[in-house]
Amino acid sequence: MRINTRIQLSVMMFFNFFIWGIWFVTMGIFLTKGAIAATGAQTGMAYGTQCLGAIIAPFIVGMIADKFFAAQKILGILHLIGACLLYVISNSTNFDSFYSLLLIYMILFMPTLALVNSISLNQIQDAEKEFSKIRVWGTIGWIASGLIIGWMAWEASPKTLNITFLVASIVSVGFGIYCFFLPNTPPPKAGKSVSFSETIGLDALKVLADKNYLIFFIASILICIPLAFYYGQANQFLNEIGVQSAAAKMTLGQMSETLFLFLMPIFFVRFGIKQMLLIGMLAWVLRYLLFAYGNVDDNLWMLYAGIILHGICYDFFFVTGQIYTDQKAGKEVRSSAQGLITLATYGLGMYIGFYIAGMIVDQNVINTGHNWNKIWIFPCLFAAGISLLFFVFFKEKAKVKTEV
């Protein structure tokens with residue numbers, strides 16, 4: 001791959017995840033402690049908009065990116081429209097209007113996760129060796145967003161946290177324009193006669209005919225139920241128990257993710273697909289156990305360890321899963337298949353997870369805030385159960401060769 005192409009793709013990953021991270025991590029504090037004064041259930045609903053967007057994403061990608069228009073152009077258009085929505089969201093003063101606008105925005109944003117993967121994978125020859133080196137810049141973008149929030153001390157004033165949406169809006173304008181200059185990623189089925197099922201992206205469902213991939217797909221849905229607890233509650237948890245500049249400290253997780261992304265090619269050589277995925281799932285079990293018994297006094301190290309485990313939690317399961325999906329799908333349905341796994345992870349599983357997390361948080365309200373020990377034990381045990389089932393039923397241990 002040419003160096004200028006690598007730079008273009010790295011910048012693409014950086015800003016796509018920066019735009020998401022700058023408002024997503026602190027949204028719980030903004031909603032519950034700010035002017036909107038949302039409940040735990042409402043906060044879960046707000047985070048659940050990403051899941052509804054992820055459920056719709058495969059149809060958008062399947063109908064457009066694989067069939068009609070170049071992926072980089074679709075990416076640019078989605079971000080330009082998104083910039084307008086983010087600006088309006090930054091001025092919302094009640095939950096109903098906030099939720100409605102955020103839902104529309106996430107329906108447009110979630111397809112970008114599959115699109116940036118598709119654009120990157122279209123330019124590289126060996127996904128196992130090269131993809132992680134590009135994907136890592138998305139993690140760095142998320143880190144940058146958290147550090148900015150901490151440096152500006154925005155969490156200390158929840159009622160002014162709407163500035164995060166405004167920043168995301170401004171960045172989206174510039175990034176949307178930039179996308180039109182990315183390497184061309186033409187639709188692989190342009191000009192071909194396709195069926196209705198192919199037009200709406202259902203042709204990607206053929207990857208589920210592989211028994212091991214079907215088990216992985218189901219596990220992806222289920223493991224994202226406990227995952228939702230971290231994305232939706234971790235920042236609120238850390239702020240509530242007295243951790244200063246929690247969003248900035250949470251970037252330790254993305255720093256860990258960055259390190260493991262660089263090491264991914266080594267792990268692919270040493271471990272098989274099953275071992276990589278299983279290690280990632282077990283890391284979630286350990287993380288929630290550490291959160292359940294950590295505090296800002298004697299067990300502060302547990303909180304930091306739980307945050308730092310994000311590198312293993314995310315990379316070993318989700319990045320491995322994206323590469324595994326690319327290997328199983330092949331070139332013809334690459335974008336649709338990436339959209340399908342986005343549906344499984346960020347869609348169905350996390351939607352259920354955010355709903356359950358909101359209910360459990362509301363059920364554990366106490367005079368001083370929440371009983372976080374009980375809240376974190378639930379996803380810990382749930383992740384342990386899914387890990388055990390995955391260990392028993394998933395049989396593909398050998399390294400899978402990348403299709404080029």
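Trainee: Any chance you could explain empty space enclosed by the protein here in plain terms?
Mentor: To find leftover empty space, a probe the size of one water molecule is rolled over the atoms. Under the counting rule described, the total for this entry stands at four cavities of 30 Å³ or more. Surrounding the largest cavity, 22 residues form its lining, V25, W142, Y231, Q254 and H310 being those nearest its centre. Mapped by element, the contributors of at least two residues to the lining of the largest cavity are α1 (3-24), α7 (127-152), α10 (211-240), α11 (246-270) and α14 (310-329). The element that contributes the greatest number of residues to the lining of the largest cavity is α7, accounting for six residues. Residue composition of the lining of the largest cavity, by class: 11 nonpolar, nine polar and two charged. The space that makes up the second largest cavity amounts to roughly 150 Å³. The wall of the second largest cavity is formed by 17 residues, among which F318, Q322, I341, T345 and Y346 lie closest to the centre.

Trainee: Mind showing me how you'd approach the layout of surface pockets here?
Mentor: A volume near 150 Å³ is recorded for the second largest pocket. In this structure, the second largest pocket is lined by I149, G150, A153, W154, E155, A156, N239, G242, V243, Q244 and S245.

Trainee: Explain the nonpolar core here, please?
Mentor: Nonpolar side chains tend toward joint burial in soluble globular proteins. W20, W23 and F98 are the most contacted members of the largest nonpolar core, which has 135 residues in total. With residues near it in sequence (within four places) discarded, W20 still touches Q50, M106, F109, L113, W142 and Y346.

Trainee: I tried to follow helix α6 (residues 111-121) on my own but got confused; where do I start?
Mentor: Residues lying three or four places apart along an α-helix face the same way, a consequence of the helix completing one turn every 3.6 residues. Of all 11 residues in α6, 11 are buried, a share of seventy percent or more. For α6, the full list of buried residues reads P111, T112, L113, A114, L115, V116, N117, S118, I119, S120 and L121.

Trainee: Help me understand a nonpolar patch on the surface in this model?
Mentor: Together, I77, L80, I81, V173, I177, F180 and F181 make up a nonpolar patch on the protein surface, roughly 630 Å² of accessible area in all. Looking at the nonpolar patch, the elements that each hand over two or more residues are α4 (71-89) and α8 (163-179). Sorting elements by how many residues they give to the nonpolar patch places α4 first, with three residues. Note that I81 resides in helix α4.

Trainee: I tried to follow the packing of α1 against helix α5 (residues 95-109) on my own but got confused; where do I start?
Mentor: When two helices pack together, you describe them by how their axes are tilted relative to each other and by the distance separating the axes. Where α1 meets α5, the closest approach of the two axes is 13 Å, and the angle between their N-to-C directions is 155°. Taken as axis vectors, α1 and α5 run roughly antiparallel relative to one another. In this structure, α1 meets α5 at a crossing whose hand is left-handed. Touching N16, I19, W20 and W23 of α1 are L102, Y105, M106 and F109, all from α5.

Trainee: Looking at this model, I keep getting lost on helix α16 (residues 372-393). Mind explaining?
Mentor: With 22 residues, α16 extends 33 Å between its outermost C-alpha atoms, agreeing within 8% with the 32 Å of an ideal straight helix rising 1.5 Å per residue. Listed in full, the buried residues belonging to α16 are W372, I375, W376, P379, C380, A383, I386, S387 and F390. Angular distribution of buried residues about the axis of α16 spans 135°; they occupy a single face of the element. Opposite the packed face of α16, turned more than 90 degrees from it, sit the exposed residues K374, L381 and L388.

Trainee: Looking at this structure, how should I read the side chain of E257?
Mentor: Within the secondary structure, E257 is located in helix α11. Filtering out sequence-adjacent residues up to four positions away, E257 remains in contact with R135, T139, H310, G311, Y314 and D315.

Criteria and cut-off values
- Residues numbered from 1 in each chain as written.
- Predicted model: local features only at pLDDT ≥ 70, side-chain atom pairs only at ≥ 80, totals over all residues.
- Heavy atoms only, no water.
- 1 Å grid on protein atoms, 1.4 Å probe; cavity = no way out; pocket = protein on both sides within 12 Å on 5 of 7 lines; lining within 4 Å.
- Points joined across faces, edges and corners; volume = space filled by probe spheres on them.
- Helix = DSSP H or I, 4+ residues; strand = E, 2+ residues; numbered from the N terminus.
- Nonpolar A, V, L, I, M, F, W, Y, C, P; charged D, E, K, R; others polar.
- Core = buried A, V, L, I, M, F, W, Y, C linked by side-chain atoms within 4.5 Å.
- Buried < 20%, exposed > 50% of the residue type's maximum accessible area, 1.4 Å probe, protein only.
- Contact = heavy atoms within 4.5 Å.
- Patch = residues over 30% accessible without salt bridge, like charges linked within 9 Å, V, L, I, M, F, W, Y side chains within 5 Å.
- Areas by Shrake-Rupley, 256 points an atom, 1.4 Å probe, with all protein chains shown as cover.
- Salt bridge = Lys/Arg side-chain N within 4 Å of Asp/Glu carboxyl O.
- Axes fitted to C-alpha atoms, helices over the stretch in contact; angles between N-to-C directions.
- Parallel < 35°, antiparallel > 145°, perpendicular 65-115°, else oblique.
- Left-handed = near helix turned anticlockwise from the far one by under 90°.
- Expected span 1.5 Å × (residues − 1).
- Arc of directions from axis to C-beta.

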